[in-house]
Each structure stands twice: as C-alpha cells, then as structure tokens.
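Inside the fold
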Protein chains: 2
Amino acid sequence: MSTSPTSSAVPPPRDIWYLGVDGGGTHCRARLYDADGRVLGQGHAGSASLRFGVSHVWQQVLAATHEAVTAAGLPLASLSRVHAGLGLAGAIDATTWREMAAYPTPFASVCVRSDAHTAVLGAYEGGEGGILIVGTGSCGMAHVDGRFSSVGGWGFPLSDHASGAWLGLQALREALLCHEGLRAPSLLAERLLDEFGHEPARLAKWQTDARPRDFARFAPAVFEAADEGDILATALRRRAIDDATLLARGVLDLGVTRLCLVGGVGRALIPHLPTWLRQRLTEPLGDATQGAFLLARRLTVRERTS
Amino acid sequence: MSTSPTSSAVPPPRDIWYLGVDGGGTHCRARLYDADGRVLGQGHAGSASLRFGVSHVWQQVLAATHEAVTAAGLPLASLSRVHAGLGLAGAIDATTWREMAAYPTPFASVCVRSDAHTAVLGAYEGGEGGILIVGTGSCGMAHVDGRFSSVGGWGFPLSDHASGAWLGLQALREALLCHEGLRAPSLLAERLLDEFGHEPARLAKWQTDARPRDFARFAPAVFEAADEGDILATALRRRAIDDATLLARGVLDLGVTRLCLVGGVGRALIPHLPTWLRQRLTEPLGDATQGAFLLARRLTVRERTS
C-alpha cells in the first residue's frame, strides 16, 4: 500500500477535490480537501453506521458533504470532480465496501473502508502503526507491512467491547437490579433511573427501539459516578478498562510497536490503563477524516499511475 | 384475589368456554377449557412476546386459538362465548394489559397479565407461592396475600438475567473473542462459529435482526459443552447459575416459602443450584396455560357476582 515512486512523478491535477468522511455510530463528519491536503470546508450529519443500511448511510454522508462543499464556496455540480474516501463503522468486509461504493452518487469515485481503517491511516499520516477506537462502538486496527488487520469491531451487542454502547447497556442492566433491591443502592443507578421516572416499564419499552448510540449516551454518567467513588460505576469502569486492554493487546500482537487510543470512551479510559499499555500509547497525527482523504487520494493516484 | 364465598353460589353456565394462553418469546400455546377445567382442545403458534407489538401477538394468539377450537370440534362462531385469559411475555404493566385487551377480537372477554403471573397461578392452582421462569427470557413472580409482585422480567437485553437469550448472546460474544485469539480456544466457540462458517462478518450481520429467541437458540450448546468440561461453557453456565440464584432470592424475599423453577434454561440449571435453593424448590401443579384459564375464569366469576 506504500506510495510507489512513479506516483509522485505525476503532478496532481488542479480541479480535482477529495472528500474525507468519518462515519461512526453517532456522528458523520465530511471534510473537503484540495489535492495538496488543504481543508476547504467541513460538514456534519447524524449516525452513519452501516448497521442501518447503505441508503441511510448515504443520506447522512451526502448531507454532511453538501454542508462541506457549500462551506468551501463550491457549487454542488463540482461533486463530479470529487473523489470520496469513506471510513464507516460497520464497513466490515469487501462485500459491504462494494455495495456502498456501487450506490449511485454524484462523485467521481468512491472508496469505502471501515472507520478503523481510515483512523489508522490518519493517525500515522498513512504510515504504519496500530489504533484502538473506543467510542459508541469499538474496533482495533493494525497497519503492518502494507496490510490492515482488525481486532474486534463486529458490532453491537456481539462485539464492541469497552464501547460506550456496551458500557451504557451494562449500566442500565445493573441499575434495574439496584432498583429492585437485588444489588446495593448506587448513585449511578439513581441517576440513570431518574431519566426514566424510576419506572422500569418505561426503560423496558425504550430498549426495544434503542440503538447503540442511545445506550452509549449513558456512558459518561458511568465515568462521572466512578470519579465520585460509586462502587457500581467503578466496577463497570473496571470492566471497560479490562476489555480495552484486551483489545489493545490484540492490536499490539499484530506486530505494531505503537498504538493510538481514540474515541470518547477511549480517551476517558487512558488514565486508568495499566502502565505497560500507557507507555505504548502515542498521540494521533491526524484524525479519521484525514485518513479518509488519504484513502481517496492514494486510490486515485494509484489508478492514474497504473 | 381469593374466590369469595358468594361466587361458588352461582353455578357456571354450560355454554361458556375458557381459553388459556401462554405466550412466550418463542412459543404461543392456547388451550380451550370448559367451565369445570376440562381440556377440550389445544393449539400452538410462534413467538407471542409483546416486544413485537400488540397486533403481532394477537395474530399468534388467534392462530393458536383457531387450532385449539378446531381440535375441540367447535365452530369458530363459538369464540363469542369464550373468555380468554392471556399470560404474555412482556405484558409488564397495566397500560399494556389494557392495550392488548382493547384490541378487536371475537372473544366474550379478554384478560391479560404477564406470563409469570399466569405461571404462578398455574403452579399453585391459584394458591400462593413463588415462581421463577427462565426460558428465552426470565422473570420471577410472587403471589402473596392476594398480591402479585415481580422480580426482573424487563426484557432483553436490559433484563432477562440467566435467560437463554442472554446466555446465547454472551456465548457468541465470547466465541468471537476466541476466534480472534483474544481468549483461549474453546470447543463451544468452535461449535458456535461453525454455524456461521467461521466468518465473523456473517455473525455481525446476523445480529442486526436477531431477536431474543435467535440468541436463545445457542443456549443448549452452552450446557452441552459445559457437561463436556469446556472451560468457557462452564464459566458461562456459572454466570447463569449466579444470576438465577439472585432472581430466586429476590422472589423468596417477597415473602414466599416455596418456589417453582420453570422454563427450559431453568430446568437445566436446577442440578447446579446451591443446596439451600434446591431445598426451597417445588414442582408446579399446573402450567402457565392452566394459570391463564384460572385467570379468565376467576375474572368472569368475579364479574358475574359483583
């Protein structure tokens, strides 16, 4: 996957733009770049996880894109000269990538990978290394010898260890037990049940349509209550620490020496990780949107030179 | 809720029938009774959990009812003289009972309660006691001083401790970790992944539409592998034992002295429960369908005498 010497011999054309999209379980971010990587405009939309289907994701991506193109002062017609790179939660296999890329859109080209793939590209500016995303969902990715290998990331509720969605689900589960007197009273349980008027039946109905991001909304309350010494919250945070450590070890075992830990829950976990792991952590050079730009540009450069 | 002396003074009319329905996360059973409690016919249909909505549940209930009435050799027109008692998984509050009972149906009357409510009625032939159902879902119920109080039973994935659905979810979660080398190899993990061609992406897509009973389908594999000494399966069974014990204690704490443990997973857990709990267990006198019959008859007797 490294850029071949010939590619730099071809000067990038002037009126081609690149779109980097980072689509997660809660947000979708789009950034428009020129061929030199300068940001021209940004846009934002809602959940763009592929678990909700190709057409839903494209709706979100196009909404964010229109905002970015408008912010850049370009007409929407210029999308026909935009190469789009998409890093999407739930884009777990080549079938999904192709299905997403085959959708009719106004773009010059579309390349799809998982959000972890673009995140690791962004974090090391296209270089090698490992990443662990822990946000609404979770996924680890290692970029070694030009290959990308993942750890976890198979979605909620079967995977997504340490993620906000899983943490929120566990917290609400335990809160119900506290409410029924089957566990010791807890500050965290009280706060969570507050949101449902302390009526389990309301919570029971809510769960039927609850999506990963709905569960993840309760993760910050766990960290807050843990900081205040709540026993239940501390135990839940402990489980998230262990799960994140397990995934991090999995990424390191794929042969990388450095690891970026990103995502809201991931950042909150850092101070609590074991020392050996904290010593392997490094700060990302760029974000997943930047990585999606690199994905789009690398692909078009390769196409033009091959 | 005890039968008042006046009620027995009114002889039950001859051409009135009673329907007892037991609707769970996987099956729906209907039984037609005469006023003396003799079974005239039975019927069966699919999942009748209220998590899938009132009209879906009625579809299943009516399918099972038609089968039962036909088996009894009665014309469908006789449904207008049938009083129906329904015990349904997910019938967690009075709003739900009313919504379900208000649906247009051919019955003379309809009374709705949770499946745990009818199960405890059936288990003690209308007398007092406690029950713990652990099947696709789980719920505890105590019938004390004429009142019914529940423990757990708030549905999947927030409640349903020790249930087949929860056990299946945990087993698949762990199987994915084994597959990725993050946990030690396991016979159980191999068997579960076999069903998905050892492709995590297939499992990831499957979960999006998976319902509680789909997860519960994998619970028997856990018990089988645990019996064979598989470490992962044994740990999962251990968790189910602890969760079932927690719920059982919750029911006993509501003031009952005896407890029936029913449902497929519940029966499988019995030999592994702590001695103090096994000593409190008793065999149910009747099942939840029988309890639903008692619910329907009790209500109509009350109405005729009040």
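Computed from a predicted structure; not experimentally measured. (Residues numbered from 1 in each chain as written. Chains lettered and ligands numbered in written order. Predicted model: local features only at pLDDT ≥ 70, side-chain atom pairs only at ≥ 80, totals over all residues. Heavy atoms only, no water.)

**Some words on the interface of chain A and chain B**
Heads up, the condition is: In what follows, a contact means two residues having at least one pair of non-hydrogen atoms within 4.5 Å. Throughout, the accessible surface (probe 1.4 Å) given up by two parts as they are put together, summed over both, is called the buried area. By definition here, a salt bridge exists when the distance from a side-chain nitrogen of Lys or Arg to a carboxyl oxygen of Asp or Glu is within 4 Å. Identification of polar contacts relies on pairs of N or O atoms within 3.5 Å, with a donor-acceptor requirement for protein atoms, meaning one able to donate a hydrogen and the other able to accept it, and with residues adjacent in sequence counted only if both atoms are side-chain atoms.
With 38 residues of chain A in contact, the opposing surface of chain B contributes 38 residues. Between chain A and chain B the total buried area reaches about 3,300 Å² when both faces are included, carbon and sulfur atoms providing 63% of it. On the chain A side of the contact with chain B, Trp154, Leu158 and Arg173 of chain A bury the most area, a combined 26% of that side's loss. Note that Asp93 of chain B and Lys205 of chain A form a salt bridge whose closest N and O atoms lie 3.1 Å from each other. Our count for the chain A to chain B interface comes out at 18 residue pairs in polar contact (both at pLDDT 80 or more).

**Quick notes on helix α10 (residues 231–252) of chain B**
Each turn of an α-helix holds 3.6 residues, which means side chains three or four residues apart point in the same direction. Selection criterion: Here a strand is any run of E in DSSP of at least two residues, a helix any run of H or I of at least four, and the numbering for each starts at the N terminus. To estimate how far a helix should extend, the number of its residues minus one is multiplied by 1.5 Å.
A rise of 1.5 Å per residue sets the reference length of α10 of chain B, with its 22 residues, at 32 Å; its end C-alpha atoms lie 31 Å apart and thus fit the reference within 8%. For α10 of chain B, the side-chain oxygen to backbone nitrogen distance between the N-cap and Leu232 of chain B is 3.4 Å, and the N-cap itself is Asp230 of chain B.

**Observations concerning the environment of Gly23 of chain A**
Residue and element names in this part refer to chain A. Definition in use: Burial classes: relative accessible area under 20% of the type maximum marks a residue as buried, over 50% as exposed, and values in between as partly exposed (1.4 Å probe, protein chains only).
Topologically, Gly23 is positioned in strand β1 (residues 17–23). For Gly23, a relative accessible area of 0% gives the class buried. Measuring from C-alpha to C-alpha, the distance between Gly23 and Ser114 comes to 8.8 Å, with 91 residues separating the pair along the chain. In this structure Gly23 touches Cys28, Ala48, Gly87, Leu88, Ala89 and Asp115, once residues within four positions along its chain are discounted.

**Details of empty space enclosed by the protein**
Residues and elements named next belong to chain B. Our working definition: Using a 1 Å grid laid over the protein atoms alone, points where a 1.4 Å probe fits but cannot get out form a cavity; open sets with protein on both sides within 12 Å along at least 5 of 7 lines form a pocket; any residue with an atom within 4 Å of a point counts as lining. Grid points are joined across faces, edges and corners, and a volume is the space filled by probe spheres set on the points. Classification convention: Asp, Glu, Lys, Arg as charged; Ala, Val, Leu, Ile, Met, Phe, Trp, Tyr, Cys, Pro as nonpolar; all other residues, Gly among them, as polar.
Tallying each qualifying case throughout the model produces 3 cavities of 30 Å³ or more. Taken as a whole, the second largest cavity holds about 50 Å³ of empty space. If you trace the second largest cavity, you find it lined by Ala162, Ser163, Trp166, Leu167, Gln170, Leu236, Arg239, Ala240 and Asp243. Elements that contribute at least two residues to the lining of the second largest cavity include exactly α5 (164–179) and α10. The element that contributes the greatest number of residues to the lining of the second largest cavity is α10, accounting for 4 residues. In terms of residue class, the lining of the second largest cavity is made up of 5 nonpolar, 2 polar and 2 charged.

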